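A closer look at the structure
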Amino acid sequence: MKNLEPEKRIVGSTSQQQEIIDDLYNKHYEMLFNYAYKILQNEDTTKKVVKETFRFPSMNVDELLQSENEADWLIKALQRSIIGYLYDEHYKMLFNFACSILQNEDTAKEVIQETFRVACENIEKLMQSKNIAGWLVNTLHFTIKRFKRQKQTMSKYIARVPDDFDFENIVDERLPDEDVKILYSDLAQHKDFDLLKEYAVDDKSIKEIAEKRNLSIDACTQKLSRIKKVFRDTINKNNK
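It should be emphasised that the depicted structure is a prediction, and the values quoted were computed from it without experimental measurement.

Remarks on the overall build of the protein chain
- Assigned secondary structure in the protein chain consists of eleven helices and zero strands.
- Each helix (α) and strand (β) of the protein chain, taken in turn from the N terminus, gives the series α-α-α-α-α-α-α-α-α-α-α.
- Taking all 240 residues of the protein chain together, the buried fraction comes to 41%.
- Roughly 15100 Å² of accessible area belongs to the protein chain as shown, and the carbon and sulfur atoms make up 48% of that amount.

Some points on helix α4 (residues 70–102)
- Residue His 90 marks the point of greatest curvature in α4, where the axis turns by about 55 degrees.
- Where α4 starts, the residue carrying a side-chain oxygen 3.0 Å from the main-chain nitrogen of Ala 71 turns out to be Asn 69.
- Backbone geometry just downstream of α4 places Gln 103 in the positive-phi region, at approximately 60 degrees.

Section: unusual backbone geometry
- The phi angle at Gln 41 is positive, at roughly 55 degrees, despite the residue not being glycine.
- Structurally, Gln 41 can be placed in the loop between α1 (14–40) and α2 (43–53).
- What makes Gln 41 exposed here is its relative accessible area of 53%.

Details of the side chain of Gln 79
- Position of Gln 79 among the secondary structure elements: in helix α4.
- Each residue touching Gln 79, except ones within four places of it in the same chain, is listed here: Tyr 35, Ile 123 and Glu 124.

Considering the pattern of salt bridges
- Taken as a whole and judged by the stated rule, the model has nine salt bridges.
- Of the charged contacts in the structure, one is a salt bridge between Glu 43 and Lys 47, with a shortest N-O distance of 3.3 Å. Taken as a pair, Glu 43 and Lys 47 lie in helix α2 at a separation of four residues, close to a single helical turn.
- Put simply, Lys 207 and Asp 106 hold a salt bridge, and the shortest N to O gap is 3.8 Å. Residue Lys 207 is found in helix α10 (residues 206–212), and its partner Asp 106 is found in helix α5 (residues 105–121); the two are separated by 101 residues along the sequence.
- The exposure class assigned to Asp 106 is buried, which follows from its relative accessible area of 17%.
- Through salt bridges with shared partners, one network takes in Glu 114, Arg 117, Glu 121 and Arg 146.

Topic: the layout of surface pockets
- In this structure, the largest pocket occupies an estimated 550 Å³ of space.
- As for the largest pocket, its lining consists of 19 residues, of which Glu 110, Glu 114, Tyr 199, Ile 206 and Thr 221 are closest to the centre.
- Every element with two or more residues in the lining of the largest pocket is listed here: α5, α7 (132–159), α10 and α11 (217–238).
- Among the elements that make up the lining of the largest pocket, the one with the highest residue count is α5 (seven residues).

Some details on the environment of Thr 46
- Tracing the sequence through the fold places Thr 46 in helix α2.
- Overall, the relative accessible area of 0% leaves Thr 46 in the buried class.
- Placed twelve residues apart in sequence, Thr 46 and Asn 34 show a C-alpha to C-alpha distance of 8.6 Å.
- With residues near it in sequence (within four places) discarded, Thr 46 still touches Phe 33, Ala 36, Tyr 37 and Leu 40.

Cut-offs used in this document
Sequence order as written defines residue numbering, which begins from 1 separately in each chain. Local features in this predicted model are restricted to residues whose pLDDT is 70 or higher, and side-chain atom pairs enter the listing and the counts only when it is 80 or higher, whereas totals over whole chains, interfaces and linings include all residues. Hydrogen atoms and water are omitted, and side-chain values are computed over all heavy atoms in the structure. Under the DSSP-based scheme used, a helix requires at least four consecutive residues in state H or I and a strand at least two consecutive residues in state E, with every element numbered from the N terminus. The cut-offs for exposure are 20% and 50% of the maximum accessible area for each residue type, with area from a 1.4 Å probe on protein chains only; residues under the lower value are buried, those over the upper are exposed, and the others partly exposed. Using a 1.4 Å probe, accessible areas were evaluated by the Shrake-Rupley method; residue-level cover was limited to the displayed protein chains. Bend at a given residue is defined as the angle between two axes, one fitted to the seven residues that end at that position and one fitted to the seven that begin there. Side-chain atoms alone can form a polar contact between residues adjacent in sequence; in general such a contact is a pair of N or O atoms within 3.5 Å, and within protein one must be able to donate a hydrogen while the other accepts it. Residues count as neighbours in contact if any of their non-hydrogen atoms are within 4.5 Å of one another. The salt bridge definition used is simple: a Lys or Arg side-chain nitrogen within 4 Å of an Asp or Glu carboxyl oxygen. Here a cavity is any set of points on a 1 Å grid over the protein atoms alone where a 1.4 Å probe fits but cannot get out, and a pocket is any open set with protein on both sides within 12 Å along at least 5 of 7 lines; a residue lines the site when it has an atom within 4 Å of a point. Grid points are joined across faces, edges and corners, and a volume is the space filled by probe spheres set on the points.

So, in structure tokens, the structure goes:
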């Protein structure tokens, strides 16, 4: 006879979901509290963040019940709550810092978003820091330097584009997992170049470029990333 394990429950009603969340909260509270306290170093704030992690209906109970390790799943959910708290707590300070360097509010918002993306990917390093605000400022400063360096590099490539450059014959090596609808829906190659020029030479923010072209921020970001690679590779080949 086969050894059949019971199927994991799939949640149905709202009341059932809340009951499961309450059980998980009581079962894992101490573990999650200790984890968050290492970063936040404040009892009241830690309690608030842990409670936010279990806030219904934001918690995906179905996904949690189907996970291999509920404790690991909850730690990842707690990490998102911690990052959310740090974002709210330090945003104004980071925004003022970024604006003082970049002199552009939209661009400052973009580099702050990138800073917290880095924080999400390096939350274990963030946990080890004795100065969370300092860690975030240092990461923001590095992000700004990288951002400015990328723009300067692309400006140099643009300056090397000849007036009679053949945009129509650019070799476009498309990756199989790219979103073709987003990347190629409405911009011809020469217009792509104008988009890149606005970003790198005219120092426009992604938000400004997206609004001008009636694109979403995500679509504009993907297009810009694609354009940078295509033109960089093309210019390099033409200058060999």
